[in-house]
Amino acid sequence: MTLEDFPNWLELWTQLVPGARGSLALVKNYVPAEKCRCGPFGPLRSHPDFGFVHSFHEDGPLDLPWDRLAQMDLLAQESMSYVGGRRDFLQTWFLPYVMQNWQEAMLECPHGTAFLMLISLDVMQDWMGINAAHSFFAVSVALGALVQRAPCHLKFSVLDERFTGNSFFPNFDRLPFLLGIEHLQWRCHPESPKVFVYEVDDRWTHCHLCASVGMPASDVWLHLMLSASTCRTSFAEEADLFFVPRYRQSGAGTNYTTWYRTEFMQLLGELKHFPARPQDHIFLFPEEFWPIVVDDAFGPDGPLRTSVILSPEAWPVSCSMPVGASKQVCAHTPSPPGLIVIPSFVDSYRRLELRKHNRPVSQRRVLLCFLGLEGTGRSATTENYRHLLHALVGEPGVHIEAFLTNYREYAQVMGNSIFCLIPKGIGTWTHRLFEAMLAGCIPIILSDDVQLPFPDLPWETFSLKWPMRRVDQRLMRYLRYLERMAPELKASVDKHACWFDYHSEDHECTPLFGLTRQLRSRGMADDGSSARERFWVPWRPEIVWHILACSECMEPPGREPASDGSAGSDFSHAGVQALVP
């Protein structure tokens, strides 16, 4: 069988089985394995949508810019930065043209064709469904295996057997799970309630590959993990809870009021068991902007007033105008009673970079870092007090600058720092907290009202929570004393990082395991953790009291640390509330 047996390219994808063996047989008879022919090129023209040069002769032979694609791939691999316009490029050029000239593309550059197919998996699911994405994956894997026999002067990273991912493939090593080829079973807490996962209309969960990237992707990953978990039940009558999947990108747009009162209410109407048991339904909002009208949803007669809500943000942000408007005024709204805070999502390739640069304390050369400094003025959406961090710029051992677009450099700075500042973002939460944990950088949380995931964890042993309005020399003075405790604190950071890692190899230390542990009591802490102080420090809070009370004093009173370096009874928090502004 050869590709010539398929006169219509669409039939190629619909007839392929989602498995590499059948795909290997398909391409084996067609792809020349003896040499690489990626180039040369004809006249080039610029495309305004994606900012790099490509060419295509509509009436002539296929002419593909393989060298430009290789340069794009190199940029994504070396800088670990997102390359803009990828989807526009694929939708306007690759799918309409290359797919209809599939034979020519494989003959001209099978290496580049395999690369293009892999970076198109999400677009293919968006356009043609998950079966098409399965077939794309299978063919590209088979094609990639074959072209190993023909070394090419153009280097495409994905064809390297050591490849683990980049911004083109943020979760490359998780593709088998995302595509349903790898059948994992995720562990829930032994006392977890049984959870029924709704199978909703495609418009609520359209293209999970498209939505599986970036920090709001917890909605996709928890849906997939729950669907393959030990606590899932397929029988609604035996369920304790009902999980309602809805991906952030599926609707809403920027006008949440209209969407909530039309589309979201329609979703509720499609949930068979919601009218009788609204208190047992779980909804997930993966960022600070919830696509609902908070007062309507959680008011005395609101449909979600008794439901379980999952979100990294406990105080959703409500704006006077649609999200993104230039003159919007935004404010935090109160937490709903059924809230459970969850970690945001870190892509697999970013997680690997952070872990790769996670150094021992003895090899870290920076005391304190923050990458994301804004201007000296106050922020326009919600106040985050990041402008106060300018006072620390230039301090010995401090690395503070604007956000680095090169993610490898970003991970290197975090992995070379003992402490990481974690100021609030637009919401009270921030994604940097979970990046710092993966980098082994002791987080200093600067968000007074943030609620953290999994309150039963001993946060006081691996983090500081400092008043966000008191970022000045007093904080620096305390950190220089605390530095002697850094090895113990860093070890605790590494020990607990798995609770915030959606790719954790320890299936009894994952966001899902932590969530299902909380679902036993619907998020109500039963271990005393709800009484945690508003602020905390992990060692000698009396020093903080002294530093704040006597800003001119150089040496605080009190005994030296224990001879074994442990904190001992100094993990006391009495008096730290004096930090409250």
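Residues numbered from 1 in each chain as written. Predicted model: local features only at pLDDT ≥ 70, side-chain atom pairs only at ≥ 80, totals over all residues. Heavy atoms only, no water.

Caption draft 1: Just the overall build of the protein chain, in detail. A count of helices and strands for the protein chain gives 20 helices and 14 strands. Residues counted as buried form 57% of the 581 residues belonging to the protein chain. Put simply, of all contacts in the protein chain between residues at least 6 apart along the chain, 76% involve residues at least 24 apart. Of the roughly 24100 Å² that the protein chain leaves accessible, carbon and sulfur atoms contribute 52%. (Helix = DSSP H or I, 4+ residues; strand = E, 2+ residues; numbered from the N terminus. Buried < 20%, exposed > 50% of the residue type's maximum accessible area, 1.4 Å probe, protein only. Contact = heavy atoms within 4.5 Å. Areas by Shrake-Rupley, 256 points an atom, 1.4 Å probe, with all protein chains shown as cover.)

Caption draft 2: Molecular detail of the sheet that holds strand S11 (residues 398-401). Reading across from one edge, S11-S10-S12-S13-S14 is the order of the five strands in this open sheet, with parallel pairing throughout. Two strands lie at the open edges of the sheet, namely S11 and strand S14 (464-465), each paired on one side alone. Sheet analysis places strand S10 (residues 366-371) next to S11, joined by four bridges and oriented parallel. The residue of S11 that forms the bridge with Phe370 is Ile400. (Pairing = 2+ DSSP bridges.)

Caption draft 3: Spotlight on the side chain of His503. Relative to the elements of secondary structure, His503 occurs in the loop between helix H18 (486-496) and helix H19 (511-519). Here His503 falls in the buried class, since its relative accessible area comes to 7%. At 2.6 Å, the side chain of His503 and the side chain of Arg174 are in polar contact. For His503, the contacting residues outside a window of four places in its chain are Asn171, Arg174, Trp221, Phe345, Val346, Asp347, Ser348 and Arg351. (Polar contact = N/O pair within 3.5 Å; in protein donor to acceptor, adjacent residues only side chain to side chain.)

Caption draft 4: How the structure looks around the sheet that holds strand S9 (residues 339-341). Strand order in this open sheet of five strands is S3-S4-S5-S6-S9, and the pairing throughout is parallel. Looking at strand neighbours, the two that pair on one side only are strand S3 (195-197) and S9, the edges of this open sheet. Here the strands of the sheet are splayed against their neighbours by 25° on average, with no regard to which way each runs. Both S3 and strand S4 (residues 241-243) contribute to a ladder of three bridges, which runs parallel. Counterpart to Val195 in the pairing with S4 is Leu241. In the packing of H19 onto the sheet, contacts are made with S4, strand S5 (281-284), strand S6 (308-311) and S9, and the angle to S9 comes to roughly 150°. (Axes fitted to C-alpha atoms, helices over the stretch in contact; angles between N-to-C directions.)

Caption draft 5: Structural view of the pairing of strand S13 (residues 442-446). The element S13 is largely enclosed, with a buried count of five among its five residues. Here S13 shows two buried faces, one formed by Ile442, Ile444 and Leu446 and the other by Pro443 and Ile445. Note: strand S12 (residues 417-423) against S13, five bridges, orientation parallel. Looking at the pairing, Ile422 lines up with Ile445 of S13.

Caption draft 6: Geometry of the pattern of salt bridges. Applying the stated rule across the entire model yields 18 salt bridges. A salt bridge links Asp280 to Arg277; the shortest N-O distance between them is 2.9 Å. Judged by relative accessible area, which is 8%, Asp280 ranks as buried. A relative accessible area of 24% places Arg277 in the partly exposed class. Between Arg517 and Asp456 there is a salt bridge whose closest N-O contact spans 3.0 Å. Of this pair, Arg517 sits in helix H19 while Asp456 sits in the loop between S13 and S14, placing them 61 residues apart in sequence. Residue Asp456 is classed as partly exposed on the basis of its relative accessible area, which comes to 30%. Among the charged side chains, a network of salt bridges with common partners joins Arg351, Arg355, Asp501 and Glu505. (Salt bridge = Lys/Arg side-chain N within 4 Å of Asp/Glu carboxyl O.)

Caption draft 7: View of the packing of aromatic side chains. Per the stated rule, a full pass over the model turns up 31 aromatic pairs. Ring centres of Phe196 and Tyr198 lie 5.5 Å apart, and the angle between their planes is 85°; on these two criteria the pair is classed as edge-to-face. Grouping residues by exposure puts Phe196 and Tyr198 together as buried. Between Trp459 and Phe462, the aromatic rings sit 5.0 Å apart at their centres with planes inclined by 40°, giving tilted as the arrangement. (Phe/Tyr/Trp six-rings, centres within 6.5 Å; stacked < 30°, edge-to-face > 60°.)

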